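# What the coordinates show
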Amino acid sequence: MANIGFAELNAQSNFSFLYGASHPEELVQQAQHYAYQAIAITDECSLSGVVRAHQAAEALAIKLIIGSQFTTEEQCQVVVLAKNLSGYQQLCRLITEARRHSSKGRYQLSLNQFKQNLDQCLILVKANAALRPEHLAQLSQQVTPLYLLLHNDLTQPAEVMQAYRQLAKDFEIDCVAAMNPRMHLAQRKKLADVLDAIRQHSNVQQAGFKLSSNAERRLLPWPRLQQRYLLEELQRSCLLAAQCQFSLKQICYQYPQDNVPATYTAAQYLRLLVERGAKQRFATSLSNKLRQQIEHELSLISQLNYEHYFLTIYDIVAFARQQNILCQGRGSAANSIVCYCLYITEVNPSQVELLFERFISKERNEPPDIDVDFEHHRREEVIQYIYQKYGRERAALAATIVTYRTRSAINEVGKALAIPEPILHQLNHHIDWRDKSSSTTSKILQAGLLPEQHARNFAQLVEQLRGFPRHLSQHVGGFVIAQEQLCDLVPIENAAMPERTIIQWDKDDLEALHLMKVDVLALGMLSAVRRCLDSLSQREQRTISLSDIPQDDHSTYDMLCRGDSVGVFQVESRAQMSMLPRLKPRNYYDLVIEVAIVRPGPIQGDMVHPYLRRRNGEEAIDYPSPEVQEVLARTLGVPIFQEQVIKIAMVAAGFSGGEADQLRRAMASWKRNGKLLYFREKLINGMCQRGYSKDFAERLFSQIQGFGEYGFPESHSASFALLVYISAWLKCHEPAAFCCALLNSQPMGFYSPSQLLQDAQAHGVKILPIDINHSHWEHDLDYSQDAKGAIRLGLKQVKGLNHKRLSHLLAKRPQQGFSQLFEITSLLDKTSLELLASADAFASLAGHRHQSRWQMSGSEAPLPLFAMPEEAQVSLAPPSKFADIQQDYLSTQLSLRRHPLSLLRPHQALKNCYTRAQLTACQHGQLVKVAGLVVGRQRPGSAADVTFVTLEDETGNSNVIVWSASAKAQRQVLISSRLLKVYGRLERTNEVIHIIAGRLEDCSHLLADLSLRSRDFR
């Protein structure tokens, strides 16, 4: 489309939260379609959307201008555009200053702040109803040149536009045309209205005149622009755009250089640390192969100038170790012997065959990515260390862009359209949104809760809003650290959490611009391991560390081979428990495979069964060449890991390391963009040219497609397998200490405290109840009854208790304990007393709950002057067994008394139901009926629409498989039941038993008020 001269200088995307009705890339694409000279993305005091706009503009070869819009305290709206790199830095500082002086999501800026150095930016004032002559008077004295931004959306008479032009003439400033679009097409007007209603906490009907009166705040083609603006105003937009030559490609990131002593270069100091670590790690056993690998890695790190990155990670890890904080690098870092020598990772490269090019390569042209896990309850110490060392001007967390998902979009759009709450509740809770077999529109129409046209309109708005950004949140631990001021690279703002600051870009934006991110992550299992080791050290009166855990312990592997892995890191899911007895791990590398094989990639690529058959000697192992054998020998000829696919592409198809990594990236996103097909011809031709059969090449490519976006890297598995073994050894040899540590590290893992305790009891651990005279806030071990410790439940398990108030009570508790309730009532508030009584924490003083409440209600300390007459002792009847269990679950989410199912067995509804223990005597294929408390529902992405349900009874857990058709037909029962009865067929593979569900029946009414929450879809 012909366009003799226009550039849009004031477009707002949906990163002007709840205002913009189009994605940044949509605005860029539409501007290119209309042949604009350029487009400026100017979101409200934000640069959050510019990276996505930059990527779109690069692909479409249209000029992108970086800018931002501000509403000052005087209600004057100002647009700032960066002309060059210095101007971009000035803009970032302005946004940072405005954001850092306000709470999360807000900013403060006055006209006076435009006095600061913005000489490399263009300043434009928006002509709107809020503009006052004094605004122009003040700004024209502070800023030269200044421009007046006109936008004609047909809501103002022609004389108003003329008045703005005259005002500009009076102050001797030029006018510039802009549509100030909030959407790329008129079709987004309905969504814009919904966003306005959401922002105003209203609905579309009530908002009325607060909504835009037309759909003209959009990008327009050249003929329409000519009708609305003077030619000189349109041409001036291009003249100003020509002054803006900045591109995000000009951002030059510099690694922090604080960690190099003055007498060393970065390369010298890194080598010194690596050589020192190699001596400690290998002593005299460093092989020539490992020496060559060290030299190869150091050489490549030096060529790419990554020394400061490694030294930064080393410094953080060294701090954690000095503070006795458990940490472990994982992911790509496990591919590096340098990281092993620096103690960043614990994966010994002599135990695994990993690919350094998966971590760093010349062709990737981007910084490496090292994830380090720390104990989750102590990670804040590491975060604050980074802030203290580098300052808030140089370090901040990456953002996470929180977007609308289907449920939240339904709620927000529904409220904006004044759809009744009960209908929204039914749409959200009675439709299976995980089911991808039909569209959102189809599901809403099939629900039949709204008239058809209304339903279509509603569904269209939901689909449009889904994926829109809602707000910026903080990344789980991705730090960006710069050598100079970080706000010269990207604006910084306050997070909701105190003492946290975040940048305005997320991890994908950082990757797109090749900026370094240091991932400081939290891992609950590290906290549990640390607590367990501390407990053992206290018991043994000596320091026990990870190095004291023996390797290759037979008892530990025997336990894992039985599928006995509740609470064990990474292998505690029902699917992993089923795989363990089939794979029968006997060494560390078996655990590496175990972690990776129960993943969607190997499953969808049909790699699991061939591997198991070969492992069991049921299928011959063959290799088409020695090169492929070298890559696949450790996995018996079956590619299980991403690295293996990359290596095969290199040794069998002639890919370079960088090309192979591009293949990995294409594998990770091929379903979204189809880029994997680009490599098909190169891979197949390359293999055929090197003597491999076309059938083998095509089969390999098919397996690569099977990996989809779920292929699991061996580097992750290798890191995780270390913790699998450590946690399994602790569970096997120290079940009480391990379970206690898990309880104190909640929330984590698949299992509730109730299930963890039942599993501990099954392993012979004694569990002692909550007791006001013996319990501390956390769960702990009591050695008076068992040499290895009995678990004494802590007061933290009581729902609603205040830690601070209980700490005061525990500090006053006599060494021999309280002797009467009135001693406690004087130290605690009424609510806490009631919560403790409900949890039966006073049983040692009063006998049972009823008696505790009775004594509490009349318990007062005697007055000092008058002797009180002795009150006759009243003895109340104890609660019924079931009432006691109900109260246990209501108060603590668990019970140490009889299991509810043992009391309900005689009920007619549960007649002839098998217990979990009785299922072991049943035959494969036998029809059975089981019932149990629903303690977990799972539907993994690899499970072909299968739902896994865990039922708990008084003898253990039963695993139920509900196929897609059964789940859809009985969805409400499947999703909402607390006590579920299942009619099905038993399947047995070795020691693994499943029940294939047929009919489901909700028996929750038998539980009355029993408070039980299942852990669903985790």
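Up top you'll find the structure we're talking about.
This text gives an overview of the structure that appears in the document. (Residues numbered from 1 in each chain as written. Predicted model: local features only at pLDDT ≥ 70, side-chain atom pairs only at ≥ 80, totals over all residues. Heavy atoms only, no water.)

### Here we look at the overall build of the chain
Looking only at helices and strands, the chain has 43 helices and 23 strands in total. Relative to the globule expectation of 31 Å for 1018 residues, the C-alpha radius of gyration of the chain, 33 Å, shows essentially globular dimensions. Each of the three principal axes of the chain carries a C-alpha extent, and together these read 95 × 90 × 65 Å. The buried share among the 1018 residues of the chain stands at 58%. Sequence-distant contacts in the chain: of pairs separated by 6 or more residues, those separated by 24 or more amount to 72%. With an accessible surface of roughly 43000 Å², the chain has 49% of that area assigned to carbon and sulfur atoms. Considering the chain, the positive charge centre built from 110 side chains and the negative charge centre built from 104 side chains are found 3 Å apart. (Helix = DSSP H or I, 4+ residues; strand = E, 2+ residues; numbered from the N terminus. Rg over C-alpha atoms; globule rule 2.2 N^0.38 Å. Buried < 20%, exposed > 50% of the residue type's maximum accessible area, 1.4 Å probe, protein only. Contact = heavy atoms within 4.5 Å. Areas by Shrake-Rupley, 256 points an atom, 1.4 Å probe, with all protein chains shown as cover. Lys, Arg positive; Asp, Glu negative; His and termini not counted. Charge placed at Lys NZ, Arg CZ, Asp CG, Glu CD.)

### Some words on the sheet that holds strand E17 (residues 790–792)
The sheet built from three strands is open, its strands ordered E15-E17-E16 with mixed pairing. Two strands lie at the open edges of the sheet, namely strand E15 (767–768) and strand E16 (780–782), each paired on one side alone. Relative to E17, E16 is paired through three bridges, and the arrangement is antiparallel. Bridged to aspartate 782 within E17 is alanine 790. (Pairing = 2+ DSSP bridges.)

### Things to note about the sheet that holds strand E4 (residues 77–82)
With mixed pairing, seven strands are arranged side by side in an open sheet as E1-E2-E3-E4-E5-E6-E7. This sheet does not close on itself; its edge strands, each paired only once, are strand E1 (7–11) and strand E7 (174–177). Taking each pair of neighbouring strands and ignoring which way they run, the sheet shows an average axis angle of 30°. Bridge count for strand E2 (residues 38–44) against strand E3 (residues 63–71) is seven bridges, and the pairing is parallel. From the neighbouring strand, glutamate 44 faces E3, where its bridge partner is glutamine 69. Its contacts with the sheet place helix H1 (residues 24–33) against E1, E2 and E3, and it is angled at close to 155° to E2. Helix H5 (residues 158–170) rests against strand E6 (146–150) and E7 of the sheet, and its axis sits at about 180° to E6. (Axes fitted to C-alpha atoms, helices over the stretch in contact; angles between N-to-C directions.)

### As for the packing of helix H23 (residues 588–597) against helix H31 (residues 714–733)
One can describe the packing of H23 onto H31 by two numbers: an axis separation of 8 Å at closest approach and a directional angle of 115°. In terms of crossing hand, the pair formed by H23 and H31 is right-handed. Of the residues in H31, those touching H23 at Tyr588, Tyr589, Leu591, Val592, Val595 and Ala596 are Glu714, Ser717, Ala718, Phe720, Ala721, Leu722, Val724 and Tyr725. Taken together, the residues that form the contact of H23 with H31 break down as twelve nonpolar, one polar and one charged. (Left-handed = near helix turned anticlockwise from the far one by under 90°. Nonpolar A, V, L, I, M, F, W, Y, C, P; charged D, E, K, R; others polar.)

### Structural notes on the side chain of lysine 731
With respect to the helices and strands, lysine 731 occurs in helix H31. What makes lysine 731 buried here is its relative accessible area of 4%. For lysine 731, the side chain forms a polar contact with the main-chain oxygen of valine 566, separated by 3.1 Å. Among all residues touching lysine 731, those that are not within four sequence positions of it are Met559, Asp564, Ser565, Val566, Val568, Phe738, Asp759 and His763. (Polar contact = N/O pair within 3.5 Å; in protein donor to acceptor, adjacent residues only side chain to side chain.)

### Quick notes on the pattern of salt bridges
Applying the stated criterion across every chain, the model contains 53 salt bridges. Through salt bridges with shared partners, one network takes in Glu216, Arg218, Arg224 and Arg228. (Salt bridge = Lys/Arg side-chain N within 4 Å of Asp/Glu carboxyl O.)

### Observations regarding helix H14 (residues 379–390)
When the terminal C-alpha atoms of H14 are compared, their 17 Å separation across twelve residues agrees well with the 16 Å that a helix rising 1.5 Å per residue should span. Buried residues along H14 sit against helix H12 (307–322), strand E9 (371–375), strand E10 (395–403), strand E11 (469–481), strand E13 (501–506) and strand E14 (518–523). Immediately beyond the C-terminal end of H14, within one or two residues, lies glycine 391, with a positive phi of roughly 80°. (Expected span 1.5 Å × (residues − 1).)

### Some points on the pairing of E1
Counting buried positions along E1 gives five out of five residues, so the element sits mostly inside the fold. Alignment of E1 against E2, held across three bridges, turns out to be parallel. Across the sheet, the residue bridging to alanine 11 is isoleucine 41, located in E2. In this fold, E1 hands off to H1, which returns the chain to E2; that crossover is right-handed. (Right-handed = clockwise from strand over helix to strand, strands pointing away.)

### Considering the environment of glutamate 834
Mapping glutamate 834 onto the fold places it in helix H36 (residues 830–838). Overall, the relative accessible area of 35% leaves glutamate 834 in the partly exposed class. Distance in space between the C-alpha atoms of glutamate 834 and histidine 994 is 43 Å, their sequence separation being 160 residues. For glutamate 834, the residues in contact, after removing those within four places along its chain, are Arg853 and Met856.

### Some details on unusual backbone geometry
The residue after threonine 144, namely proline 145, is reached through a cis peptide bond having omega -5°. Along the polypeptide, proline 145 turns up in the loop between helix H4 (133–142) and E6. Cis geometry is found at the peptide bond from glutamine 746 to proline 747, where omega equals 5°. Within the secondary structure, proline 747 is located in the loop between helix H32 (735–744) and helix H33 (753–762). The phi torsion at alanine 35 lies on the positive side, around 65°, for a residue other than glycine. As for its placement among the helices and strands, alanine 35 is situated in the loop between H1 and E2. Alanine 35 sits in the partly exposed class, given a relative accessible area of 26%. Backbone geometry at asparagine 324 places phi at a positive 60°, although glycine is not the residue there. The topology assignment puts asparagine 324 in the loop between H12 and strand E8 (327–330).

### With respect to helix H10 (residues 266–282)
With 17 residues, H10 extends 24 Å between its outermost C-alpha atoms, agreeing within 8% with the 24 Å of an ideal straight helix rising 1.5 Å per residue. Looking only at H10, the buried set comprises Ala266, Tyr269, Leu270, Leu273, Val274, Gly277, Ala278, Arg281 and Phe282. For H10, the elements touching its buried residues are helix H11 (288–303), H12 and helix H13 (337–341). A positive phi of about 55° marks alanine 283, the residue just after H10.

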